[in-house]
Amino acid sequence: MGDQKTIIIRQSMFDDEGLNTSHASLIVLKGAEIGRDFRLRRTSMVIGRSPSADICLPDDGASREHARVDYQGTGGNDGATFSLTDLGSTNHTIVNSEKVESVQLRDGDKIQIGDSVLKFVVLDHIEARFHAEVRDLISYDQLTGLLTKESLYLAFERELKRCLRYGLPLGVLMMDLDRFKSVNDGHGHLMGSHVLAEVGRIIRHAVRLADVSARYGGEEFISYLAETDTSGAELAAERIRSEIEAFPFVLDDVSIRVTISIGIAVAPTHGESLKELVAAADRALYRAKETGRNRVCIA
């Protein structure tokens, strides 16, 4: 008992901004954007399937401009207040299991738009950070910053259905670092981890914002490219391949070079299911390896 000490906590650890300020958000509980926190601004924001919507939901059940969230001002001790208005959507806007035309949102309300479910919440700074960290742990590979394979598959299935429904192509890239075992064996696992992290960064910046990439496992990566045909997928793949080939991977004054092989498949030409497309891209990747590595092959 005599060894116990009282821990003195500095006031700065509980800064007033973190505890006393709050903001409203729509957090996706179900849908392709699961876990995403859409912070509401003090203005009007449109929710819909359109890429130009303020809150874009890749959901075929959502109208292009489905509903609108309006800031209504500050409501006393409850902080900012917001309302939700349906914009004549095809499948209606549902709040707490009831169809609505317009409603003032309350903390905890669940909003269904198409197959997506969003929760209206008022979060302080600490709660917002907690939600962000949880989402990252669930959805993202911590080393590369890319999605996990499982998270990508959820979004991939939905995007593939959309593209097939509207007769749009969708490109798939299967990527694998060449002779990666020699990096770990020759330079240690710290260098190997550094290479994987940098490759993840290069892939993120080499594709468009609408494209989605994941760490597939080990030194393998996968991307799907929305509304992209064979020539567009080949351009993206070659951009990734050439940037990785030219990049010096430096750790503790040691610099190495690595290369990557990439296989391409495109829907509907090479398949109309996730399984078919991944298998076709994987076969093309195998051919890239067999024919010399550091190259791009099309299924």
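Before any of the text, the structure's been laid out above.
Residues numbered from 1 in each chain as written. Predicted model: local features only at pLDDT ≥ 70, side-chain atom pairs only at ≥ 80, totals over all residues. Heavy atoms only, no water.

1. Concerning the sheet that holds strand 1 (residues 22–30)
Logical step 1: Read from one edge of the open sheet, six strands run 2-1-11-10-7-8, paired in antiparallel fashion. Each end of this open sheet is capped by a strand with a single partner; those strands are strand 2 (37–39) and strand 8 (98–100). Taken over all neighbouring pairs, the strand axes of this sheet differ in orientation by 35 degrees on average, direction set aside.
Logical step 2: Across four bridges, the pairing between strand 10 (residues 110–113) and strand 11 (residues 116–124) is antiparallel. Following the sheet pairing, K110 is matched in strand 11 by K119. (Pairing = 2+ DSSP bridges. Helix = DSSP H or I, 4+ residues; strand = E, 2+ residues; numbered from the N terminus. Axes fitted to C-alpha atoms, helices over the stretch in contact; angles between N-to-C directions.)

2. Comments concerning the sheet that holds strand 3 (residues 44–48)
Logical step 1: Within the open sheet, the five strands sit side by side as 4-3-5-6-9. Their pairing is mixed. Each of the sheet's edge strands pairs with one partner strand only, and the pair in question is strand 4 (55–56) and strand 9 (102–104).
Logical step 2: Relative to strand 9, strand 6 (residues 80–86) is paired through three bridges, and the arrangement is antiparallel. Across the sheet, L84 pairs through a bridge with V103, a residue of strand 9.

3. Concerning the nonpolar core
Logical step 1: By size, the foremost hydrophobic cluster in this structure holds 29 residues, and its most contacted members are L173, L177, V195 and I240.
Logical step 2: Of all elements in the fold, only strand 13 (170–177), helix 4 (180–187), helix 5 (189–206), strand 15 (220–226), helix 6 (230–246) and strand 18 (260–267) reach the threshold of two or more residues within this core.
Logical step 3: It is helix 5 that provides the largest number of residues to this core, a total of seven residues.
Logical step 4: The residues touching V195, leaving out its near neighbours within four places in the chain, are L177, F180, V183, F249, I256 and V258. (Core = buried A, V, L, I, M, F, W, Y, C linked by side-chain atoms within 4.5 Å. Buried < 20%, exposed > 50% of the residue type's maximum accessible area, 1.4 Å probe, protein only. Contact = heavy atoms within 4.5 Å.)

That's the geometry; what it means functionally is another story.
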